[in-house]
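Overview (structure and organization)
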Amino acid sequence: MVQIEQLAARTPAVSAAEILQGFHPSPRFGEVSFASYRPDPAQPSQAAAVKALESFAASVGNGSGGGLFSRIFGKKDNGRAGIYLDGGFGVGKTHLLASLWHSAPGPKAFGTFVEYTNLVGALSFRKTVEALSSYKLVCIDEFELDDPGDTVLMSRLMRELADAGVRLAATSNTLPGSLGEGRFAAVDFQREIQVLADQFDVIRIDGEDYRHRGLPAAPAPLKTEDLKRHMHAEFDGQTVAVDDFRQLVDHLAGVHPSRYRQLIAGIDGVVWRDVETITEQAVALRFVVLADRLYDKDVPILASGVPFDKLFTEEMMNGGYMKKYYRAVSRLTALAREGQNHEPS
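Throughout what follows, the structure given in this document is the object of discussion. (Residues numbered from 1 in each chain as written. Predicted model: local features only at pLDDT ≥ 70, side-chain atom pairs only at ≥ 80, totals over all residues. Heavy atoms only, no water.)

In this section: helix H11 (residues 245–252). Regarding H11, the residues found buried are Phe245, Leu248, Val249, His251 and Leu252. Angular distribution of buried residues about the axis of H11 spans 160 degrees; they occupy a single face of the element. Against the buried residues of H11 lie strand E7 (239–244), helix H12 (260–263), strand E8 (269–275) and helix H13 (281–296). (Buried < 20%, exposed > 50% of the residue type's maximum accessible area, 1.4 Å probe, protein only. Helix = DSSP H or I, 4+ residues; strand = E, 2+ residues; numbered from the N terminus. Arc of directions from axis to C-beta. Contact = heavy atoms within 4.5 Å.)

Put into structure tokens, the structure is as follows:
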């Protein structure tokens, strides 16, 4: 027996306190470690990143980050307050960032760039600084440079936290069109975060999407008339969200992305009827957030319609947000493989 829900019928309300309480790695990364990360032997930068993060984790909580007062009046410390991981999608940056979070002492916070900007919107900038200044470590996943206002806001937040002695760690999600070949440009990063830049060590992690290493291609979409049969076979005894794709996409416009985690709470699988190519940029970017939240919770997908590599237009896949869209396609494809072929995502 399958318990059927509908995401398009859900309108979750989330308080500021609930947002703050959720700043920890998602269940997908709930038990990862440096030891469970599998570096690609062909990419030595991956193993080097593990060693650098292990060393950084050992420094968290021992005062090496310093604060503004200690840096002015105390012993000079050549250590940097933060570490910044740059790399393409699927090379394990989030795995490594979560491993750092797990190995470091608390109190500590872990969230995406968007979740921190949402936190500032919920609490105000000053209260967010006050809430996080007592933390030993703040991890920011998928640091984005696609909105000047949010970038300035986060730069200021990171600078004030560093001045309070908080250690910082981040992963990058830059605009390939402005940074060239999707690679992180340190000089651009320094310009964006200004005086905070020299407190960060930038580590490049090379490699291809690990989900494409030797794995089969994404399964073909199911026929709409076969979805019900597959759903009962795959999700017996579980709770499944069944939606017409167009209705779901329209519903997302009325739900703030900060609530997408609660939108899919309690859902064990999703079934989408008649997936179609998204042609509007704003709609596509919202759907990227939903894809991230589904991947965080490892929610398998059964779908009919167009395959996920056709979810976004060719123009989008080659435009300024291409990194976001490639990540979403990669993650949705992995969840579809899990739903249809029982392959781990």
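Read on, since the account is not over.
This paragraph deals with the sheet that holds E8. As summarised here, the arrangement of the 4 strands in space is E1-E7-E8-E9, forming an open sheet in which the pairing is parallel. What marks the edges here is a single partner per strand, and that holds for strand E1 (3–5) and strand E9 (301–305). The average undirected angle you get between the axes of adjacent strands in this sheet is 20 degrees. The strands that helix H15 (residues 322–341) touches are E8 and E9; relative to E9, the one it contacts most, it runs at about 105 degrees. (Pairing = 2+ DSSP bridges. Axes fitted to C-alpha atoms, helices over the stretch in contact; angles between N-to-C directions.)

The element E7 is largely enclosed, with a buried count of 5 among its 6 residues. Sheet topology note: the E1/E7 ladder contains 3 bridges and is parallel. Bridge assignment links Glu5 to a residue of E7, and that residue is Ala241. Across 5 bridges, E7 lies against E8 in parallel orientation. Across the sheet, Ala241 pairs through a bridge with Val270, a residue of E8.

Quick look at helix H5 (residues 113–123) now. Burial runs high along H5: 8 of the 11 residues are buried. By the burial criterion, the buried members of H5 are Phe113, Glu115, Tyr116, Thr117, Asn118, Leu119, Val120 and Leu123. Positioned one or two residues after H5, Ser124 has a phi angle of 95 degrees, which is positive.

Right, let's get into the packing of aromatic side chains. Evaluation of the coordinates by the stated rule reveals 6 aromatic pairs. Members of the aromatic cluster, each reached through a chain of ring pairs, are Phe245, Trp272, Phe287 and Phe308. The side chain of Arg28 reaches across the aromatic face of Tyr295, ending 3.6 Å from its centre. Residue placement shows Lys108 over the ring face of Trp101; its charged tip is 4.4 Å from the ring centre. (Phe/Tyr/Trp six-rings, centres within 6.5 Å; stacked < 30°, edge-to-face > 60°. Lys NZ or Arg CZ within 6 Å of the ring centre and 35° of its normal.)

Our focus in this paragraph is the packing of helix H2 (residues 44–59) against helix H4 (residues 93–103). The geometry of a pair of packed helices is captured by two quantities: the angle between their axes and the separation between those axes. Contact pair H2 / H4: the axes reach a minimum separation of 9 Å and the direction vectors enclose 25 degrees. If you check the angle between H2 and H4, you find them roughly parallel. The handedness of the crossing between H2 and H4 is right-handed. Contacts from Ala49, Val50, Leu53, Phe56 and Ala57 of H2 reach H4 at Leu96, Leu100 and Ser103. A class-by-class count of the residues in the contact of H2 with H4 yields 7 nonpolar, 1 polar and no charged. (Parallel < 35°, antiparallel > 145°, perpendicular 65-115°, else oblique. Left-handed = near helix turned anticlockwise from the far one by under 90°. Nonpolar A, V, L, I, M, F, W, Y, C, P; charged D, E, K, R; others polar.)

It is worth spelling out the environment of Thr171 at this point. One can find Thr171 in strand E5 (residues 167–173). Residues Thr171 and Glu142, 29 residues apart in the sequence, show an inter-C-alpha distance of 5.2 Å. Not counting chain neighbours up to four residues away, the residues in contact with Thr171 comprise Tyr84, Leu85, Lys93, Leu97, Ile140, Asp141, Glu142 and Phe143. Within the structure, the side chain of Thr171 is placed 2.6 Å from the side chain of Asp141, a separation counted as a polar contact. (Polar contact = N/O pair within 3.5 Å; in protein donor to acceptor, adjacent residues only side chain to side chain.)

This part covers the nonpolar core. Ranked by size, the top nonpolar core spans 39 residues in total, and within it Val270, Trp272, Phe287, Leu290, Phe308, Leu311 and Phe312 carry the most contacts. Residue assignment for this core shows that the elements contributing at least two residues are H11, H12, E8, H13, E9, helix H14 (314–317) and H15. Considering every element that reaches this core, the biggest residue donor is H13, with 9 residues. Excluding residues within four positions of it along the chain, Phe308 makes contact with Trp272, Val275, Ile301, Ala303, Val329, Leu332, Thr333 and Ala336. Listed in part, the 27 residues of the second largest apolar core include Val138, Leu157, Val166 and Leu168. (Core = buried A, V, L, I, M, F, W, Y, C linked by side-chain atoms within 4.5 Å.)

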